[in-house]
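Descriptive analysis of the structure
One-letter residues, chain by chain:
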Amino acid sequence: MSSSDWFASAVLQWPRDVKNLAVKLEVAQQVAARTADGDVIGIGSGSAAYLTLWAIGKRAQEEGLSVRVIPTSYETEVAAGTLHLPLARLGQAVSAWSVDGADEIDPDKRLLKGRGGALFREKLLWSTSTHMILVIDPTKHVQRLGTRFPMPIEVHPNAVEPVVARLRELGCREVALRTSGGKDGPVITESGFVLLDAHFDEIPHGLDVRVNAIPGVLETGLFEGYEFEVVE
């Protein structure tokens, strides 16, 4: 299957070069099969969630299902529109179930997420969903969080330097402002904030709470204490 087969929109040529595409497509079809007429479904960010949204949209079209979706990112919002899936508002609508991916998952079911940049909106979806489904491929499992990816942190632009200083006090050995690939300057999130990618030698339990207590931090990509079903 070529990438053009699952692009939801001609103007949204994303995602490209998806790793483990065959596995992710199979998982997406498996999760989409749960869709029932009248469902409101929360959709997270990243390629796994996008492919699941695509599969839901195709099934809704083919079977005439009435489905609304709660998007957490601009790309899933655009894709939902081109798939003719009506939108429901994040933080107000209640989902029958929600689906999201992850960058890393450790044995304690802690997650690192946020390469897509929609940290705050993803956390809001997770905290308001009645049933969360995590769609991943086997490469996402790690023994230690931070093995492959930094911990993303969504920060107000005015607070970058003070936040960096506090992160170093918490053991951060390296931190960088995430820059955009499609424009000059930093990535701007759906909430109008910027992203810091912070590298820790160890990400201890409770670090999310400590980082979120820093003035200027909106949210982190460390997900701790959430209940979810894993589909892989």
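Residues numbered from 1 in each chain as written. Predicted model: local features only at pLDDT ≥ 70, side-chain atom pairs only at ≥ 80, totals over all residues. Heavy atoms only, no water.

1. A closer look at helix α5 (residues 160-169)
Among the residues of α5, those classed as buried are V160, V163, V164 and L167. Considered in projection along α5, the buried side chains sweep an arc of 100 degrees and stay on one side of the axis. For α5, the exposed residues set more than 90 degrees away from the buried face come down to E161 and E169. Phi turns positive, to about 105 degrees, at G171, one or two residues after α5. (Buried < 20%, exposed > 50% of the residue type's maximum accessible area, 1.4 Å probe, protein only. Helix = DSSP H or I, 4+ residues; strand = E, 2+ residues; numbered from the N terminus. Arc of directions from axis to C-beta.)

2. What about the nonpolar core?
V31, I43, L53, I56, V67, L85 and V135 are the most contacted members of the largest nonpolar core, which totals 30 residues. Within the residue set of this core, elements represented by two or more residues are α1 (21-32), β1 (40-43), α2 (47-63), α3 (74-82), β3 (97-100) and β6 (132-135). Per-element accounting of this core gives the leading share, nine residues, to α2. Those residues in contact with I43 that lie beyond four places of it in its chain are A49, L53, I56, V69, I70, P71, T72, T76, V99 and L125. (Core = buried A, V, L, I, M, F, W, Y, C linked by side-chain atoms within 4.5 Å. Contact = heavy atoms within 4.5 Å.)

3. Some words on the packing of aromatic side chains
The tally for this structure, following the rule as stated, stands at four aromatic pairs. On the numbers, 5.3 Å between centres and 70 degrees between planes, the contact of W126 with F223 is edge-to-face. Placement of W126 in helix α4 (residues 119-128) and of F223 in strand β11 (residues 222-223) is noted, with a sequence separation of 97 residues between them. Here W126 and F223 have matching classes, each one buried. A centroid spacing of 5.6 Å and a plane angle of 45 degrees characterise the contact between F223 and Y226, whose relative ring orientation is tilted. A residue is classified by how much of its surface remains accessible, and F223, at 1% relative accessible area, is buried. In this structure an aromatic cluster arises from ring pairing among W126, F223, Y226 and F228. The ring of F228 is capped by K109, whose NZ or CZ atom sits 4.5 Å from the centre of that ring. When the ring centre of F223 is taken as reference, the NZ or CZ atom of K113 above it lies at 5.5 Å. (Phe/Tyr/Trp six-rings, centres within 6.5 Å; stacked < 30°, edge-to-face > 60°. Lys NZ or Arg CZ within 6 Å of the ring centre and 35° of its normal.)

4. Some details on the pattern of salt bridges
In total, this model carries 13 salt bridges according to the counting rule given. A salt bridge links E169 to R166, with the shortest nitrogen-to-oxygen separation between them at 3.6 Å. Highlighted residues: E169 and R166, both in helix α5, separated by three residues, approximately one helical turn. The class of E169 is exposed, set by a relative accessible area of 62%. We classify R166 as partly exposed; its relative accessible area is 37%. Ionic pairing is found between D201 and R173, a salt bridge with its closest N-O pair at 2.6 Å. With a gap of 28 residues between them, D201 in the loop between β9 (194-200) and α6 (207-212) and R173 in strand β8 (residues 172-177) connect regions that are remote in the sequence. Overall, R173 belongs to the partly exposed group, its relative accessible area being 47%. Three or more residues are tied together by salt bridges with common partners; here these are D100, K113 and E122. (Salt bridge = Lys/Arg side-chain N within 4 Å of Asp/Glu carboxyl O.)

Any functional reading would require information that these geometric values do not contain.
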